[in-house]
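Here is what each chain is made of, one letter per residue.
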Amino acid sequence: MDTLGTIRALPKAEQHIHLVGSTQPETLLWLAEEGGLDVPFETVEEVRDFFSYTDFDHFIRVYSTVVDCITEEGQFERIAYEMLEAGHRCNVRDFEASFSAPDHVRKGLDYGGMLDAINRGLRRGKRDFGVDCRLRIDLVRNYGPDYGMKVLDWIEEKGENIVAIDIGGSEKGYPPEPYGPVYKRARAMGLRLVAHAGEAAGLDSVWGAVEGLGVERIGHGTIAAKEPELMKVIAERNVTIEACPVSNVRTGAVASVAQHPIREFIDSGIRVTVNSDDPPMFGTDMNNEYIQLHRQLGFTVMELFQLSLNAVDSAFLPEEEKAALRERFVHEYAALME
Ligand SMILES: [Zn+2]
């Protein structure tokens, strides 16, 4: 097998992927038709063109259009199933996916109905592809901490398969600190803690997530490379950075994968994972993420496999399940290298 073939065959774990952001172009057309919606695209090609952005705010506007296309709770089943199907093609063995429930509840959809549909899709995916997927709920920071508390009420009432919370949405203008009490309560509920930070805003946002919220993982964190002291704290506290290199290029957070700070994070002793974020919306998938790191930053197969293991080691799984998954990855890797 050549190097690229080996990279594609590596077992992978995805821990930063948005459910709605993984809607396939064909599925988006189906959603628009089902809802009888007036949308700015009619073909798969036009959807792909629609998925290009001048900056992060533009991306958020396009993402909102995708949100608007989902008009029934049951439609989430197909989206969830297809997310696993696409990941399986890249040999992703384990997923943690982010679901921005507030976006859809505010459009009139029922939280419990959506969660049931998602879990149906994930169960079908597990049966067909043998992959697991846990959920984290994105509180969507634009709605504010009071709304975040309300989302925790929903989770308390119905939380099947939910292991963590996150704050995504517009990072600029919505700092992490006001979410302190929300995160404290989530921790007491047994939920794990993640925040998007340092993608579309500055160093304060990352400090706020680490010190103000006590997160275990940071989504993106790109900006942190500008401050050695911050990288030191991230490393000391064993906070994992969920890097999404191609996404960062597409939204303009970094100029190219070659200029992504992932190496600086690793060299600073930070545990880093690699993720696809919103794969069809960024024209990427997990194989492409790994291949770009190989091509543009010289990552070897062994270094890429270490990124896979990092995702296993920082997965929100009970210790014995984590150990079993790790063993499976190591065996697969050994067989590939033979
Ligand atoms: Zn994200």
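Summarised in this report is the structure supplied together with it. (Residues numbered from 1 in each chain as written. Predicted model: local features only at pLDDT ≥ 70, side-chain atom pairs only at ≥ 80, totals over all residues.)

This part takes up the overall build of the protein chain. Along the backbone of the protein chain there are 16 helices and 8 strands. Reported as C-alpha extents along the three principal axes, the dimensions of the protein chain are approximately 50 × 45 × 40 Å. Counting all 338 residues of the protein chain, 48% fall into the buried class. Relative to all contacts within the protein chain whose residues are 6 or more apart in sequence, the contacts with residues 24 or more apart total 75%. (Helix = DSSP H or I, 4+ residues; strand = E, 2+ residues; numbered from the N terminus. Buried ≥ 20, exposed ≤ 12 C-beta atoms within 10 Å, placed from the backbone. Contact = placed C-beta atoms within 7 Å.)

Another point: the nonpolar core. In terms of nonpolar packing, the biggest core is built from 94 residues, with I118, V206 and V215 touching the most fellow members. Excluding residues that lie within four positions of it along the chain, V206 makes contacts with A197, G198, I218, G221, I223, A224 and L230. (Core = buried A, V, L, I, M, F, W, Y, C linked by C-beta atoms within 7 Å.)

What follows covers the pairing of strand β1 (residues 12-18). For β1, a buried count of 7 out of 7 residues is recorded, marking the element as mostly surrounded by other parts of the structure. Summarising the sheet, β1 and strand β2 (residues 92-99) pair through 5 bridges and their orientation is parallel. Bridge pairing links H18 to S98 in β2. (Pairing = 2+ DSSP bridges.)

To continue, consider the packing of helix α8 (residues 144-157) against helix α9 (residues 180-188). Close contact between α8 and α9 brings their axes to 9 Å; oriented N to C, the two are set at 15°. It follows from the interaxial angle that α8 and α9 lie roughly parallel. For the element pair α8 and α9, the recorded crossing hand is left-handed. Packed against α8, whose contacting residues are P145, G148, M149 and L152, the element α9 presents P181, V182, R185 and A186 at the interface. Taken together, the residues that form the contact of α8 with α9 break down as 6 nonpolar, 1 polar and 1 charged. (Axes fitted to C-alpha atoms, helices over the stretch in contact; angles between N-to-C directions. Parallel < 35°, antiparallel > 145°, perpendicular 65-115°, else oblique. Left-handed = near helix turned anticlockwise from the far one by under 90°. Nonpolar A, V, L, I, M, F, W, Y, C, P; charged D, E, K, R; others polar.)

On to the sheet that holds β2. Reading across the sheet, the 8 strands line up as β1-β2-β3-β4-β5-β6-β7-β8 and stay open at both edges, with parallel pairing between neighbours. Of all strands in the sheet, those with a lone pairing partner are β1 and β8 (272-274), marking the two edges. Strand-to-strand twist of the sheet, defined as the mean angle between neighbouring strand axes without regard to direction, takes the value 25°. Where helix α14 (residues 286-297) meets the sheet, its contacts fall on β1, β2 and β8, and the angle it forms with β8 comes to roughly 120°.

For strand β4 (residues 162-166), the buried fraction is high: 4 of the 5 residues fall into the buried class. In this sheet, strand β5 (residues 192-197) lies alongside β4 in parallel orientation, the contact comprising 2 bridges. If you follow A164 over to β5, its bridge partner there is R192. For the handedness criterion, the β-α-β arrangement of β4, α9 and β5 is classed as right-handed. (Right-handed = clockwise from strand over helix to strand, strands pointing away.)

Moving on, we come to the environment of D57. Within the fold, D57 resides in helix α4 (residues 56-69). Each C-alpha atom, one on D57 and one on S170, is 7.7 Å from the other, the two residues being 113 residues apart in sequence.

Examined against the element boundaries, E227 turns out to sit in the loop between β6 (217-220) and α11 (228-236). Between the C-alpha atoms of E227 and D128, which are 99 residues apart in sequence, the distance is 45 Å.

Let us now look at unusual backbone geometry. One non-glycine residue, V140, lies in positive phi territory at about 55°. With respect to the element layout, V140 can be found in the loop between β3 (132-138) and α8. Positive phi is not limited to glycine here, since D277 has a value of about 65°. For D277, the location among the structural elements is in the loop between β8 and α14. On the basis of neighbour counts, which here come to 28 C-beta atoms within 10 Å, the residue D277 falls in the buried class.

Here we take up the packing of helix α10 (residues 203-212) against α11. Where α10 contacts α11, the axes come no closer than 11 Å and their chain directions differ by 25°. As summarised for this structure, α10 and α11 are arranged roughly parallel, according to the angle between their axes. For the crossing formed where α10 meets α11, the hand is left-handed. Residues L203, V206, W207 and V210 of α10 form the contact with α11, whose participating residues are L230, V233 and I234. Its residues assigned to classes, the contact of α10 with α11 shows 7 nonpolar, no polar and no charged.

The next subject is the environment of G208. You can see G208 is positioned in helix α10. C-alpha of G208 to C-alpha of G180: the two residues are 28 residues apart in sequence and 9.3 Å apart in space. Residues within four places of G208 in sequence aside, it is in contact with P175, P176, E177 and L213.

Just distances and angles here, no functional claims.
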